[in-house]
Amino acid sequence: MPKAKVHQEKPDSVDYNDLDIIYAIKEPCNAIKSKLVPNLAAAARQYGIHCGTLRNRYLSITQLTKQVHNDERLLDDSQEKVLVEWMQFLGAVGRPISR
């Protein structure tokens, strides 16, 4: 008789660069700083955020990936915007970028 397969569902991944998530984490951090909630655990329960995530952001242990890897980018925002506009222009005139 074959073994029963146990499937664990992977929890949905959270995009921590999403503005709604950023504001949802900043709000309890501001509440802790202004003493509206007594501690991190109470703020995590009240705002529905994982306590470890809130602690790491409050203590600045982790940062947004956009901030951390900003110096590793090859193009800055204005250069990237110009490149995208040029690629869209080439696509509009029938000369899409293929490689």
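Criteria and thresholds
Residues numbered from 1 in each chain as written. Predicted model: local features only at pLDDT ≥ 70, side-chain atom pairs only at ≥ 80, totals over all residues. Heavy atoms only, no water. Helix = DSSP H or I, 4+ residues; strand = E, 2+ residues; numbered from the N terminus. Buried < 20%, exposed > 50% of the residue type's maximum accessible area, 1.4 Å probe, protein only. Contact = heavy atoms within 4.5 Å. pLDDT = per-residue confidence, 0-100. Salt bridge = Lys/Arg side-chain N within 4 Å of Asp/Glu carboxyl O. Expected span 1.5 Å × (residues − 1). Core = buried A, V, L, I, M, F, W, Y, C linked by side-chain atoms within 4.5 Å.

Please provide a residue-by-residue account of the overall build of the protein chain, values included.
Per the secondary structure count, the protein chain includes five helices and zero strands. Secondary structure elements in the protein chain, listed N-terminal to C-terminal, are α-α-α-α-α. Residue burial in the protein chain is summarised as follows: out of 99 residues, 18% are buried. Partitioning the contacts of the protein chain with sequence separation of at least 6, the portion at a separation of at least 24 is 36%.

Break down the confidence of the model for the protein chain for me, with residues and values.
Within the protein chain, residue pLDDT values average 84, and 89% of them lie at 70 or more. When mean pLDDT is taken per element in the protein chain, helix α5 (residues 77-92) scores highest with 92 and helix α4 (residues 65-68) scores lowest with 74.

Before we move on, could you go through the pattern of salt bridges and cite the residues and values that matter?
Side chains bearing opposite charge may pair, as long as their charged atoms lie close to each other. Across all of its chains, the model carries two salt bridges by this definition. Ionic pairing is found between Asp-77 and Arg-73, a salt bridge with its closest N-O pair at 2.9 Å. Using a relative accessible area of 34% as the deciding quantity, one classes Arg-73 as partly exposed. Note that Arg-73 is salt-bridged to Glu-80, the shortest N-O span being 2.9 Å. Exposure remark for Glu-80: the relative accessible area of 39% places this residue in the partly exposed category. Where salt bridges share partners, they join Arg-73, Asp-77 and Glu-80 into one cluster.

Which residues make up helix α1 (residues 19-33), and what values do they have?
Counted at 1.5 Å a residue, the expected span for α1 with its 15 residues is 21 Å, and the 21 Å between its end C-alpha atoms agrees. Those residues of α1 that sit buried are Ile-22, Ile-25, Pro-28, Cys-29, Ala-31 and Ile-32. On its buried side, α1 packs onto α2 (40-47) and α3 (51-58). In the stretch just after α1, Lys-35 is the one whose phi turns positive, near 65°.

Describe the nonpolar core, naming the residues involved and giving the relevant values.
Counting residues in hydrophobic clusters, the biggest one holds 10 residues: Ile-25, Cys-29, Ala-31, Ile-32, Val-37, Leu-40, Ala-43, Ala-44, Ile-49 and Leu-54. Where this core is concerned, the elements lending two or more residues are α1 and α2. Top element by residues in this core is α1. It accounts for four residues. Beyond its immediate chain neighbours, meaning those up to four positions away, Ala-44 contacts Ile-49, His-50, Cys-51 and Leu-54.

Report on α5, specifying residues and quantitative values.
Over its 16 residues, α5 runs 22 Å from end to end, which matches the ideal 22 Å to within 8%, given 1.5 Å per residue. Downstream of α5 by a residue or two, Gly-94 has a phi angle that is positive, lying close to 90°.

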